[in-house]
Amino acid sequence: FLSVYFFSPLFDCARSPMHQRSLRALKAEVDAQQGLVADPGWRLGDRTALVAVRDRQAVGFLLAEQISEAFLIADGAAPEPRRAVCGVLRLWAHGGSGREPDAVRTLLADTIRESLVYGYHVPPAELAFLLPTQETLAWQRDYHPGGPCLQYLTALGQLLEASEPQHRPGGGAKSESSDGDSPAGASSEASVPSPVPQTGIDRKEPC
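Before going into details, it helps to say that this report is about the structure given with it. If you're wondering where the values come from, they're calculated on a predicted model, not measured in any experiment.

Criteria and cut-off values
Residues numbered from 1 in each chain as written. Predicted model: local features only at pLDDT ≥ 70, side-chain atom pairs only at ≥ 80, totals over all residues. Heavy atoms only, no water. Helix = DSSP H or I, 4+ residues; strand = E, 2+ residues; numbered from the N terminus. Buried < 20%, exposed > 50% of the residue type's maximum accessible area, 1.4 Å probe, protein only. Pairing = 2+ DSSP bridges.

Once that is clear, we can look at the environment of G98. Position of G98 among the secondary structure elements: in the loop between strand 6 (86-93) and helix 2 (99-115). Separated by 37 residues in the primary sequence, G98 and E135 place their C-alpha atoms 9.0 Å from one another.

Quick look at the structure:
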């Protein structure tokens with residue numbers, strides 16, 4: 001049985017220290033598997049997180065935010081601006097690729113499209129991805145056949161993730177756009193074997 005847990009700044013449960021720690025630990029594990037440098041001080045902020053859980057273990061994770069524009073990145077062509085509403089910063093499924101991980105990705109994507117914007121069902125064409133892995137790109141081709149994979153990534157590789165600056169002692173203001181979104185090696189989800197992260201979440205909360 002697969003359950004999806006919803007964490008949004010609109011609900012008190014997303015602000016609880018226990019859930020913040022659980023989400024931070026899960027995101028750090030996902031970042032490690034995707035070859036990204038994690039920020040130990042990361043916070044959910046105004047983003048929305050979905051965690052897919054089976055047998056009290058996390059088997060999927062999606063982190064998203066509302067955006068207004070993304071880019072179509074094509075080989076040999078300039079980035080083409082496109083309308084986008086849902087920006088997916090992380091999409092991870094245990095097992096990397098295959099039917100079962102892709103089913104988890106589909107469940108998470110369907111859930112976030114239905115719930116991110118009140119009263120609006122985000123179409124697949126308005127999903128955009130930040131630093132998508134090869135597994136995500138392969139899944140997206142089946143999820144939205146014939147549709148482009150939008151990214152918030154410029155031709156120079158500059159992240160377009162919108163976030164408020166985070167102040168750090170002695171370091172001035174640092175944007176959360178560098179909170180583990182910088183590549184640190186290969187971006188394959190399956191490149192770093194790892195046990196399924198324990199989220200500390202084993203029951204559905206009121207929110």
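What follows concerns unusual backbone geometry. Unusually for a residue other than glycine, D55 sits at a positive phi of about 55°. Among the structural elements, D55 can be located in the loop between strand 2 (48-54) and strand 3 (57-66). Accessibility expressed as a relative area gives 67% for D55, which makes it exposed. A positive phi is found at L131, a non-glycine position, where the angle reads about 50°. With respect to the secondary-structure elements, L131 resides in the loop between strand 7 (127-129) and helix 3 (134-143).

A word on the pairing of strand 2. With six of seven residues buried, strand 2 is to be regarded as a mostly interior element. Bridge count for strand 1 (residues 2-7) against strand 2 is six bridges, and the pairing is antiparallel. What sits directly across from F6, in strand 2, is L50. Examined bridge by bridge, strand 2 and strand 3 share seven bridges and lie antiparallel to one another. Looking at the pairing, L50 lines up with L62 of strand 3.

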